[in-house]
Amino acid sequence: MNSLRTLHRTFLAGLLAIMLIGTANAQVLNLATNADPTLNPWSPGAVIESNLINTILFDQLTRYSPEDLTPIPALATAWEASEDGLAWTFELREGVQWSDGEPFDAEDVAFTFNDIVLNESLGAQSASQFDPIDSVEIVDDHTVRFVLNTPFSALPYYLASYAGIMPEHVLGDAPDPLTVASFNKSRPVSTGPFKVAEFVTGSHLRLEPNPLYWGGEPQLDGLIFRVIPDPNTQVAQAMAGQLDVVTRLSPQNVAGIEGGGRLEVLRQSQNLFYFIAPNHGDARFEDPQLKQAMLMAIDRQAMIDALLQGFGEVATGPVAPMLGALYNPDVQTYPYDPEAAAALLDELGWTMGSDGVRQKDGERLSFYMPTGQFGELVPATLLVQQYWEDVGIEADVQVMEWNAYIQDVVVGNNYEVTLAWWSMPPTADVDPYFSCAATESGGNNIPKYCNPELDAIMAEGRRAITLEDQIDIYARMQELLAVELPYLYLWYPDILTAKNVNLQGFPEITAATAFQHAVEWHIAE
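Just so it is clear, the structure is predicted and the values come from calculations on it, not from any experiment.

Some points on the overall build of the protein
Link 1 in the chain: Of the regular secondary structure elements, the protein holds 17 helices and 24 strands.
Link 2 in the chain: Radius of gyration (C-alpha) of the protein: 24 Å, near the 24 Å computed for a compact globule of 525 residues.
Link 3 in the chain: If one aligns the C-alpha atoms of the protein with their principal axes, the spans along those axes are about 75 × 65 × 40 Å.
Link 4 in the chain: Sorting the 525 residues of the protein into buried and exposed places 56% on the buried side.
Link 5 in the chain: Roughly 20,500 Å² of accessible area belongs to the protein as shown, and the carbon and sulfur atoms make up 49% of that amount.
Link 6 in the chain: Charged side chains in the protein number 24 positive and 70 negative. The centres of these two groups are separated by 8 Å.

Some details on the environment of tryptophan 98
Link 1 in the chain: Summarising the element assignment, tryptophan 98 is placed in the loop between β5 (87-92) and α3 (106-117).
Link 2 in the chain: Residues tryptophan 98 and leucine 52 lie 46 residues apart in sequence; the distance between their C-alpha atoms is 19 Å.
Link 3 in the chain: Those residues in contact with tryptophan 98 that lie beyond four places of it in its chain are Pro103, Phe104, Asp108, Ile165, Met166, Pro167, His169, Val189, Ser190, Thr191 and Leu212.

A word on the packing of aromatic side chains
The way to describe two aromatic rings as a pair is by their centre distance and the angle between their planes.
Link 1 in the chain: Taken as a whole and assessed by the stated rule, the structure comprises 29 aromatic pairs.
Link 2 in the chain: Put simply, the rings of Trp42, Trp79, Trp88, Phe90, Phe113, Phe130 and Phe146 touch in pairs and so form one group of aromatic residues.
Link 3 in the chain: Looking at arginine 248, its charged tip hangs above the ring of tryptophan 421, at a distance of 4.6 Å from the centre.
Link 4 in the chain: It is arginine 462 that lies over the ring of phenylalanine 152; its NZ or CZ is 4.1 Å from the centre.

Focus: the sheet that holds strand β6 (residues 133-140)
Link 1 in the chain: Sheet architecture is open: 4 strands sit in the order β4-β5-β7-β6, paired in antiparallel fashion. Two strands in the sheet have a free side with no partner beyond their single neighbour: β4 (76-81) and β6. Neighbour-to-neighbour, the strand axes of the sheet open up by a mean angle of 20°, direction not taken into account.
Link 2 in the chain: Where β4 lies against β5, 5 bridges are found, and the strand directions are antiparallel. Paired with glutamate 80 across the two strands is threonine 89, which belongs to β5.
Link 3 in the chain: Lying on the sheet, α3 is in contact with β5, β6 and β7 (143-148); it crosses β6 at an angle near 170°.

A short note on a negative patch on the surface
Link 1 in the chain: Together, Glu91, Glu94, Glu107, Asp115, Asp140, Asp141, Glu168 and Asp173 make up a region of like negative charge exposed at the surface.
Link 2 in the chain: Relative to the helices and strands, glutamate 168 resides in helix α5 (residues 168-171).

Regarding the nonpolar core
Link 1 in the chain: In terms of nonpolar packing, the biggest core is built from 156 residues, with Phe130, Phe146, Trp388 and Trp521 touching the most fellow members.
Link 2 in the chain: Top element by residues in this core is α3. It accounts for 7 residues.
Link 3 in the chain: Excluding residues within four positions of it along the chain, phenylalanine 146 makes contact with Leu61, Leu86, Ala87, Trp88, Phe90, Val109, Phe113, Ile133, Ser135, Val136, Leu155 and Leu159.

Concerning the layout of surface pockets
Leftover empty space is mapped by rolling, across the atoms, a probe with the size of a water molecule.
Link 1 in the chain: Space inside the largest pocket adds up to approximately 830 Å³.
Link 2 in the chain: In terms of lining residues, the largest pocket is bounded by 44 residues, among which Val47, Asn51, Gln125, Ser126 and Trp422 are the most central.
Link 3 in the chain: Breaking the lining of the largest pocket down by element, the ones donating at least two residues are α2 (51-57), α13 (402-411), β20 (417-423) and α17 (511-516).
Link 4 in the chain: Among the elements that make up the lining of the largest pocket, the one with the highest residue count is α13 (5 residues).
Link 5 in the chain: Of the residues that constitute the lining of the largest pocket, the class distribution is 26 nonpolar, 15 polar and 3 charged.
Link 6 in the chain: Lining the second largest pocket are 27 residues; nearest its centre among them are Ser153, Ala154, Tyr157, Thr427 and Gln470.

What about the sheet that holds strand β17 (residues 363-364)?
Link 1 in the chain: On the basis of which strands lie adjacent, the open sheet formed by 3 strands has the order β15-β16-β17 and antiparallel pairing. Strands at the two margins of the open sheet, each flanked by one partner only, are β15 (351-352) and β17.

Here's the deal with the state of the cysteines
Link 1 in the chain: With the rule as written, the count across this model stands at 1 disulfide.
Link 2 in the chain: Put simply, cysteine 436 and cysteine 450 are joined by a disulfide, and their sulfur atoms are 1.9 Å apart. Since a negative S-S torsion denotes a left-handed disulfide, the cysteine 436-cysteine 450 link at about 95° is right-handed. Note that cysteine 436 is positioned in the loop between α14 (431-434) and α15 (452-463) and cysteine 450 in the loop between α14 and α15, a separation of 14 residues in sequence.
Link 3 in the chain: Look at cysteine 450 and you get partly exposed, because its relative accessible area is 45%.

Some words on empty space enclosed by the protein
Link 1 in the chain: Tallied over the full model, the rule gives 4 cavities of 30 Å³ or more.
Link 2 in the chain: Of the voids in this model, the largest cavity is the one considered here, and its volume is about 240 Å³.
Link 3 in the chain: Every residue lining the largest cavity is counted, 20 residues in all, and those nearest its centre are Ala32, Thr33, Asn34, Gln234 and Thr247.
Link 4 in the chain: Elements with a minimum of two residues in the lining of the largest cavity: β1 (28-33), α2 and α7 (231-239).
Link 5 in the chain: Ranked by the residues each element gives to the lining of the largest cavity, the list is headed by β1, at 3 residues.

Here's the deal with the pairing of strand β21 (residues 488-493)
Link 1 in the chain: Burial analysis of β21 places 6 of its 6 residues in the buried class, the great majority of the element.
Link 2 in the chain: Pairing analysis gives 3 bridges linking strand β13 (residues 272-278) to β21, with the strands arranged antiparallel. Residue pairing in the sheet places isoleucine 276 in a bridge with leucine 488 of β21.

Observations regarding the packing of α15 against helix α16 (residues 467-484)
Link 1 in the chain: The interhelical angle for the contact between α15 and α16, taken along N-to-C directions, is 160°, at an axis separation of 9 Å. Relative to α16, the element α15 is oriented roughly antiparallel. For α15 against α16, the interelement crossing comes out left-handed. Across from Glu453, Leu454, Ile457, Met458, Glu460, Gly461 and Arg462 in α15, the residues of α16 making contact are Gln470, Ile473, Tyr474, Arg476, Met477, Leu480 and Leu481.
Link 2 in the chain: Across the contact of α15 with α16, the residue classes break down as 8 nonpolar, 2 polar and 4 charged.

Criteria and thresholds
Residues numbered from 1 in each chain as written. Predicted model: local features only at pLDDT ≥ 70, side-chain atom pairs only at ≥ 80, totals over all residues. Heavy atoms only, no water. Helix = DSSP H or I, 4+ residues; strand = E, 2+ residues; numbered from the N terminus. Rg over C-alpha atoms; globule rule 2.2 N^0.38 Å. Buried < 20%, exposed > 50% of the residue type's maximum accessible area, 1.4 Å probe, protein only. Areas by Shrake-Rupley, 256 points an atom, 1.4 Å probe, with all protein chains shown as cover. Lys, Arg positive; Asp, Glu negative; His and termini not counted. Charge placed at Lys NZ, Arg CZ, Asp CG, Glu CD. Contact = heavy atoms within 4.5 Å. Phe/Tyr/Trp six-rings, centres within 6.5 Å; stacked < 30°, edge-to-face > 60°. Lys NZ or Arg CZ within 6 Å of the ring centre and 35° of its normal. Pairing = 2+ DSSP bridges. Axes fitted to C-alpha atoms, helices over the stretch in contact; angles between N-to-C directions. Patch = residues over 30% accessible without salt bridge, like charges linked within 9 Å, V, L, I, M, F, W, Y side chains within 5 Å. Salt bridge = Lys/Arg side-chain N within 4 Å of Asp/Glu carboxyl O. Core = buried A, V, L, I, M, F, W, Y, C linked by side-chain atoms within 4.5 Å. 1 Å grid on protein atoms, 1.4 Å probe; cavity = no way out; pocket = protein on both sides within 12 Å on 5 of 7 lines; lining within 4 Å. Points joined across faces, edges and corners; volume = space filled by probe spheres on them. Nonpolar A, V, L, I, M, F, W, Y, C, P; charged D, E, K, R; others polar. Disulfide = S-S within 2.5 Å. Parallel < 35°, antiparallel > 145°, perpendicular 65-115°, else oblique. Left-handed = near helix turned anticlockwise from the far one by under 90°.

Right, dumping it as structure tokens:
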């Protein structure tokens, strides 16, 4: 019996040795994800726990430059828009193979978009981003044409944003290619630099080099994504040497991480904003002044200082300052002013009730506010609850497990207000998150806000080719969004990533870009 125990301990020690970074026998990187991933970038509800993994597994037509985030070749080598802006032609990379040895070609691209993304009955994740596409035509084996119903100047940017191409020869006969468990939760056929070697639910996902990868052999021997829901546990394991990369690092942990010497913290930019989404199916939100009062009641700078340790700035809209000239800082703003918020609520007829909650025509100013267990969402929601309570607004907070939150709130739209964030491609084209069309199933317009005036401005922006024209159009768009408040804009965070100091080839500009270039990751000797 003792010999069996000794053998078991010896086996575990050996397993740990080959899984740690920079060992003599293997260079395997250990990372974390907050929940079991879904290995299909188009599957509804596959978001933060899945996105970075999927961008390693499933190559896209384009990817982001690690220098300036402009689209550069991936599965496509060149692209060009027609003179009228109603078509884009993409030349596909030749000689690419799927991980099972089958050739990649135009059939896979057409299948991904015609049969998955554009199939409204499937409700593919982020499908509304591609509403301008009518169809994808096959010109020849290595050329496709995206036929549009309206100009879409930002298409190459959106094709670089978690828009992985799917294998037609594997999923083409499936009744629903988004729900094939043997693909989504096992060992899918893929084109990226790494492929799935093992998926143990609730434990880990292990990736190994894809010997058929078109871009050359990866420099690492493997990647292991450990399922660790608690961010504090992720940090503790990183500091103990058990993890080499922690994405979406909490600012509270920066000092401890940097003080250990083994890890460094990257302060990354991203076109990302945190928000409170009012559900516009609720008639109370028809008047933007109510939303304005609710926003004035929140001390956003204090929240940034308390929750982010100052790693962020107050948001004025969905276009982040990182976009330079496309960002318009001269819009209506709502500094923290609880007295003004209370006065505006009084003016709107929401008077204070005996229970401390305002009411109007017998209806209490109370909102169901579910939140998911991820990062700063829960503490931020509780702070907002307190700020609103101070001016007579009640928030009924319910804390939910992350995947349950995504399905019930984001997909099911079962909420009245909720606090979350959007991470968008580095473009001012926010149509997929704000248009009337994006309120439909599979769309990213969570608040279900619909404004034909806004739609017209965004359509104008998609027709604009020059930066000068785009600056003027998107400045007007931001002015309208600052008044209407489809979302209550909270802050633009710095995205903090902790990584092993010996990990090289890891672009610092954004996390998505870093993972798109995973083939270049290596360990310094």
